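A closer look at the structure
Listed below are the residues making up each chain.
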Amino acid sequence: MYPDKVVREMTGVSKSLLADLRDEYRKYGLIKEFEYLNDTHIADLERVQQMRQDGRLVSQAIRRVVRERALKTLLQECKHGFEELHEMINRFEVKLERLEKFADRE
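Residues numbered from 1 in each chain as written. Predicted model: local features only at pLDDT ≥ 70, side-chain atom pairs only at ≥ 80, totals over all residues. Heavy atoms only, no water.

From N to C terminus, the protein chain includes four helices and zero strands. Reading the protein chain from its N terminus to its C terminus gives the helix and strand order α-α-α-α. A compact globule built from 106 residues would reach a C-alpha radius of gyration of about 13 Å, whereas the protein chain, at 22 Å, exceeds it by more than 25%. Judged by the C-alpha coordinates and their principal axes, the protein chain covers about 75 × 25 × 20 Å. In the protein chain, which comprises 106 residues, the proportion classed as buried is 23%. The contacts of the protein chain with a sequence gap of at least 6 include a subset with a gap of at least 24, amounting to 58%. Working note: accessible area of the protein chain is about 8000 Å², and carbon and sulfur atoms make up 54% of it. Between the centroid of the 21 positive side chains of the protein chain and the centroid of its 21 negative side chains there is a distance of 5 Å. (Helix = DSSP H or I, 4+ residues; strand = E, 2+ residues; numbered from the N terminus. Rg over C-alpha atoms; globule rule 2.2 N^0.38 Å. Buried < 20%, exposed > 50% of the residue type's maximum accessible area, 1.4 Å probe, protein only. Contact = heavy atoms within 4.5 Å. Areas by Shrake-Rupley, 256 points an atom, 1.4 Å probe, with all protein chains shown as cover. Lys, Arg positive; Asp, Glu negative; His and termini not counted. Charge placed at Lys NZ, Arg CZ, Asp CG, Glu CD.)

Next comes the structure, spelled out in structure tokens:
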């Protein structure tokens, strides 16, 4: 995690661009109010810089990069949730089989 001053020194972005990026992250629930940025966010900033060089407006680049990050995060959470659900189903099936065997013995 890096304080804003360090992020600006590392990436060369302005204070306002960094503030806009943070606001967009908060809007999508990707960071909390006073949370520092991490390496993933630094990579996002680099993508914003690249998009700016490709002719996009700063606000467009920020929105696009953060939305992509939000979608990736949501997909990861869904994948993790499905894996947990699958494990729960497997445990339930094992318990059900045990119960059926116990019922057959009686």
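Moving on: a nonpolar patch on the surface. Residues F82, L85 and I89 make up a contiguous nonpolar surface patch of about 300 Å² in total accessible area. With respect to the element layout, F82 can be found in helix α4 (residues 58–105). (Patch = residues over 30% accessible without salt bridge, like charges linked within 9 Å, V, L, I, M, F, W, Y side chains within 5 Å. Salt bridge = Lys/Arg side-chain N within 4 Å of Asp/Glu carboxyl O.)

With that settled, consider the nonpolar core. Ranked by size, the top nonpolar core spans 18 residues in total, and within it Y25 and L45 carry the most contacts. The set of elements that each furnish at least two residues to this core consists of α2 (15–27), α3 (39–53) and α4. Of all the elements, α4 adds the most residues to this core, at five residues. For L45, the contacting residues outside a window of four places in its chain are V7, T11, V13, L17, L18 and L21. (Core = buried A, V, L, I, M, F, W, Y, C linked by side-chain atoms within 4.5 Å.)

Another aspect to go through is the environment of L30. Within the secondary structure, L30 is located in the loop between α2 and α3. C-alpha separation for the pair L30 and A70, spaced 40 residues apart in sequence, amounts to 6.9 Å.

Any segment with low pLDDT has predicted coordinates that should not be analysed in fine detail. On average, the protein chain scores 90 in pLDDT, and the residues at 70 or more come to 100%. Confidence, read as mean pLDDT per element, is least for helix α1 (residues 4–11) in the protein chain (84) and greatest for α4 (94). (pLDDT = per-residue confidence, 0-100.)

For the rest of this paragraph, the subject is α4. Along an α-helix, a turn takes 3.6 residues, which lines up residues three or four apart on a common side. In this model, α4 (48 residues) spans 71 Å end to end at C-alpha, consistent with the 70 Å of a helix rising 1.5 Å per residue. What α4 keeps buried is the set A61, I62, V65, V66, R69 and A70. Contacts from the buried residues of α4 go to α2 and α3. (Expected span 1.5 Å × (residues − 1).)

Turning our attention to the pattern of salt bridges. This structure, assessed with the given rule, holds six salt bridges. The partner of R69 in a salt bridge is D44, and the shortest N-O contact between them spans 2.6 Å. With a gap of 25 residues between them, R69 in helix α4 and D44 in helix α3 connect regions that are remote in the sequence. In this structure D44 comes out as buried when scored by relative accessible area, which is 1%.

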